[in-house]
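# Chain and residue survey
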Amino acid sequence: MRLILLGPPGAGKGTQAARLVERHGIVQLSTGDMLRAAVAAGTPVGLKAKDIMAAGGLVPDEVVIGIISDRIDQDDAAQGFILDGFPRTVPQAEALDSLLKDKGFDLDAVVELKVNEGALLDRVETRVAEMRARGEEPRADDNAEALAKRLSAYRAQTEPLVDYYSEKRKLLTVDGMMTIDEVTREIGRVLEAVRAADAKKGAKASRAKRTVKTSAKKAKVATKTKAAKATAGKPAGKSAKAAPAKKSSAKQAVGKKASGKKAVAKKAAAKPAASKAAKAAAGKSAAGKSAAGKASKAGLKKAAKAVAKAGKKVAKTVVKAAKGAVKPAAGKKAAGKKATQKAAAASKTKAVAKAPARGKKAKKVTKKRA
């Protein structure tokens, strides 16, 4: 637990800090004590503070923050601490916030002990009287006049921290006018409420984290299912054309662009090679055509010669056959002519024989008509 106690001088911060240390097992960090311890230890920050204090100056905020940083890194501060007397101003509070943030820490609460200034003067006077009665010498600044000055400085410098931590929702106000035991119980009650709220917040954050993880898993499964359905519904060979997933990374886009450029460069480099290959192929094709043409011409010549030879042989055979067939045909033709001539002669003989008879018949018909 990491706490800050706020309140004017004489409000009882030291008394309550000691009780909190005993109850929660944390350490009380007083700036005065830390400065003296750092100087005694001879640390770099302590030596710097020693020189400033020896010159009568005020130790700067950065030196005090350095001392606090060294102190809370020690093992006994691992369970938490109470800062008493620091921060005193808003700039110191802002510097403390930055320091704790860098170390991964956070304040649990800022407890303000609210008291009446008039009652504080009475307390101081009572305390001084009791110390003298015990034979103890009171502190030089433990009197009404010194207290009035300290109260004035508190109102001007430290009281604005009430609003600062209130805006950050870290402020817990306790009535410091109660008895010491009552103040202790009230501080314990408000701190227990803070712990419960933190535990509830942590549980809620854990549930939210689990919900986000579950939702992410469901979304992933749903996406895979949709993709599988889409792939199953498409013809074979088209699954590779599925809608590309969205790229959340600028590096992937740059990588694609670079790959595209390389592909274009390879394509451009391949063009001359392809052109050379095409020319070589064309040359080979032309050579093949020329060889085929020559072979074709040679073949045609051979075929023509063969046909010519065959033709000559056929022609000779035809001529021989024709000569053999002409002689019988000539004989038949002569025999035909002779037969025709004989038939004609016979016909003429018959006509001559019949002519006188026809003449006689004609003369008989003429006589009858007369």
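One can find the structure itself at the top, above this paragraph.
All values reported here derive from a predicted model rather than from experimental measurement.

Cut-offs applied
- All residue numbers refer to position in the chain's written sequence, counted from 1.
- Thresholds applied to this predicted model are a pLDDT of at least 70 for local features of residues and 80 or more for the giving and counting of side-chain atom pairs; totals over whole chains, interfaces and linings are not thresholded and use all residues.
- To obtain the side-chain values, all non-hydrogen atoms of the structure were included, while hydrogens and water were left out.
- Labels follow the DSSP assignment, with helices taken as runs of H or I lasting at least four residues and strands as runs of E lasting at least two, numbered in each case from the N terminus.
- Residue contacts follow a heavy-atom distance rule, with two residues in contact if any of their heavy atoms lie within 4.5 Å.
- When a carboxyl oxygen of Asp or Glu lies within 4 Å of a side-chain nitrogen of Lys or Arg, that pair is called a salt bridge.
- Whether a residue is buried, partly exposed or exposed follows from its accessible area with a 1.4 Å probe, protein chains only, as a fraction of its type maximum: under 20%, in between, or over 50%, in that order.
- Following DSSP output, two strands are said to pair if at least two bridges run between them.
- Structural elements are reduced to axes, namely lines fitted to C-alpha atoms, with helices fitted over the stretch in contact, and the angle between N-to-C directions of any two is expressed from 0 to 180 degrees.
- For cavity detection a 1 Å grid was placed over the protein atoms alone, and a set of points counts as a cavity when a 1.4 Å probe fits there but cannot get out; an open set counts as a pocket when protein lies on both sides within 12 Å along at least five of seven lines, with lining residues being those that have an atom within 4 Å of a point.
- Grid points are joined across faces, edges and corners, and a volume is the space filled by probe spheres set on the points.
- Residues are grouped as follows: Ala, Val, Leu, Ile, Met, Phe, Trp, Tyr, Cys and Pro are nonpolar; Asp, Glu, Lys and Arg are charged; all remaining types, including Gly, are polar.

### Notes on the side chain of Lys-13
Inspection of the secondary structure puts Lys-13 in helix 1 (residues 13–24). Excluding anything up to four places from it in sequence, Lys-13 contacts Leu-5, Leu-6, Gly-7, Pro-8, Asp-84 and Leu-113.

### Quick look at the pattern of salt bridges
The final tally for this structure, using the stated rule, is eight salt bridges. Notably, a salt bridge pairs Asp-181 with Arg-19, separated by 2.7 Å at the nearest N-O pair. One end of the pair, Asp-181, is in helix 9 (residues 180–233); the other, Arg-19, is in helix 1, with 162 residues separating them in the sequence. Assessed through its relative accessible area of 32%, Arg-19 is described here as partly exposed.

### Regarding the sheet that holds strand 5 (residues 171–175)
Sheet architecture is open: five strands sit in the order 2-3-1-4-5, paired in parallel fashion. Two strands close off the open sheet at either side, each with one partner strand: strand 2 (27–30) and strand 5. Averaged over all neighbouring strand pairs, the angle between strand axes comes to 25°, with direction disregarded. Sheet topology note: the strand 4 (residues 109–114)/strand 5 ladder contains five bridges and is parallel. Along strand 5, the bridge assignment pairs Val-111 with Leu-172. Sitting on the sheet, helix 2 (residues 31–41) touches strand 2 and strand 3 (81–84), and the angle it makes with strand 2 is about 80°.

### A short note on the layout of surface pockets
It is the rolling of a water-molecule-sized probe over the atoms that shows where space remains empty. Here the largest pocket is characterised by a volume of approximately 1600 Å³. If you go around the largest pocket, you meet 50 residues; those closest to its centre are Pro-9, Lys-13, Gly-85, Arg-88 and Arg-150. A total of six residues in the lining of the largest pocket trace back to one element, the largest contributor, which is helix 7 (residues 144–158). Of the residues in the lining of the largest pocket, the class split is 20 nonpolar, 19 polar and eleven charged. Taken together, the elements giving at least two residues each to the lining of the second largest pocket come down to strand 5 and helix 9. Residues that form the lining of the second largest pocket fall into these classes: six nonpolar, no polar and seven charged.

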